[in-house]
Amino acid sequence: MKKNWWKILSIVLLTYAVLGGLLLEVPRLNIVNETIRALYFHVPMWFAMVPMFAISMVYAILYLRKLSHHSDIYSVEFANMGLVLGILGIITGMIWANYTWGTPWHGDPKQNGAAISLLVYSAYFVLRGSVQNDEQRARLSAVYNIFAFVAMVPLIFIIPRMTSSMHPGSGGNPGFNMYDLDSKMRMVFYPAVVGWNLLSVWIATVRIRLRIASEKLADQNL
Amino acid sequence: MNRLFTFLSLIFIPGLLMAQEAEMADTMRSNGKIYAVVAIILVILFGLFGYLVMLDRKVSKIEKKVKV
């Protein structure tokens, strides 16, 4: 129980995010109207995806340094979790864009950049699936993982800010100015981000533990 | 008189429209139907949390069995 305090914290924070996100006051703005509350759910997907991909890259580097099989498992499962969050982020973004921009796919630099980086990460799993030898697969995909993370940074954080974009936090603006996020919204938004990050780590670690245990079981049966 | 009224309304109506607040789901909040939405989302969320906790325990049991 003592080791699992962060799992309880994630449940508490996400419950608060739903309650606060739906019931607390939000700024009354034209065009977005009540959909401004989607910020509490759509943006945390991306704010959890990037740390998951970062953890995945750290384990990829660790794998290349020590060539330990466990680092490879950690790297894959965190990349898996990041991809799930990214797909959820892009779907929720399309639903939101349909109401505020008038079309689900606007071809906005931020949207395109996010889609390309998800494709780059999808190729990571294609690469893993196409190599038979365990060690070769781990080594190749670890190198590709580092490339995928480095490619994601300009696609999501730099290019959308250099061009004009309808997405908030783009087009030369810093991420959060007073129009994007007022202090009342931060009170719900930041706990939601922390909660989703903890939940993602939780899901990823359950999958990692299951993989390690089942490999051990297979070894014992040999 | 009529012309004056038209003139005044032309000046003031856009101002009144600008002052009007953005439309929000205030009716849904005032009659409490929002709580049904909150309850439904929380039930789904807690169902998934419960499922994850059970999965976590199952993996712990397997780990004990194979002594990871």
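Procedures and definitions
Residues numbered from 1 in each chain as written. Chains lettered and ligands numbered in written order. Predicted model: local features only at pLDDT ≥ 70, side-chain atom pairs only at ≥ 80, totals over all residues. Contact = placed C-beta atoms within 7 Å. Helix = DSSP H or I, 4+ residues; strand = E, 2+ residues; numbered from the N terminus. Nonpolar A, V, L, I, M, F, W, Y, C, P; charged D, E, K, R; others polar. Expected span 1.5 Å × (residues − 1). Axes fitted to C-alpha atoms, helices over the stretch in contact; angles between N-to-C directions. Parallel < 35°, antiparallel > 145°, perpendicular 65-115°, else oblique. Left-handed = near helix turned anticlockwise from the far one by under 90°. pLDDT = per-residue confidence, 0-100.

**Quick look at the interface of chain A and chain B**
Point 1. Opposite the 22 residues of chain A that make contact, chain B presents 20 residues.
Point 2. Those elements giving two or more residues to the side of chain A that touches chain B turn out to be helix H1 (5–23) and helix H6 (183–221) of chain A.
Point 3. Top contributing element to the side of chain A that touches chain B by residue count: H6(A), with 10 residues.
Point 4. Grouping the amino acids of the side of chain A that touches chain B by side-chain chemistry returns 14 nonpolar, 4 polar and 4 charged.

**A closer look at helix H3 (residues 34–66) of chain B**
Point 1. With 33 residues, H3(B) should reach 48 Å at 1.5 Å per residue; the first-to-last C-alpha distance of 48 Å fits that figure.
Point 2. Downstream of H3(B) by one or two residues, B:Lys67 has phi in the positive range, about 55°.

**Description of the packing of H1(A) against H3(B)**
Point 1. For the pair H1(A) and H3(B), interaxial distance at closest approach is 10 Å and the crossing angle is 165°. The orientation of H1(A) relative to H3(B) falls into the category roughly antiparallel. As H1(A) packs across H3(B), the resulting crossing turns out to be right-handed. Contacts between H1(A) and H3(B) pair A:Ile11, A:Leu14, A:Thr15, A:Val18, A:Leu19, A:Leu22 and A:Leu23 from the former with B:Ile34, B:Val37, B:Val38, B:Ile41, B:Leu42, B:Leu45 and B:Phe49 from the latter.
Point 2. Within the contact of H1(A) with H3(B), the residues separate by chemical class into 13 nonpolar, 1 polar and no charged.

**What about the confidence of the model for chain B?**
All names here are of chain B.
Point 1. Across chain B, the average pLDDT comes to 81, with 69% of residues at 70 or higher.
Point 2. Considering only residues more than four positions removed or in separate chains, one finds that residues 14–19, a stretch of pLDDT under 50, has 0 contacts.
Point 3. Here the complex is predicted with pTM 0.87, and the ipTM for its interfaces comes to 0.86.

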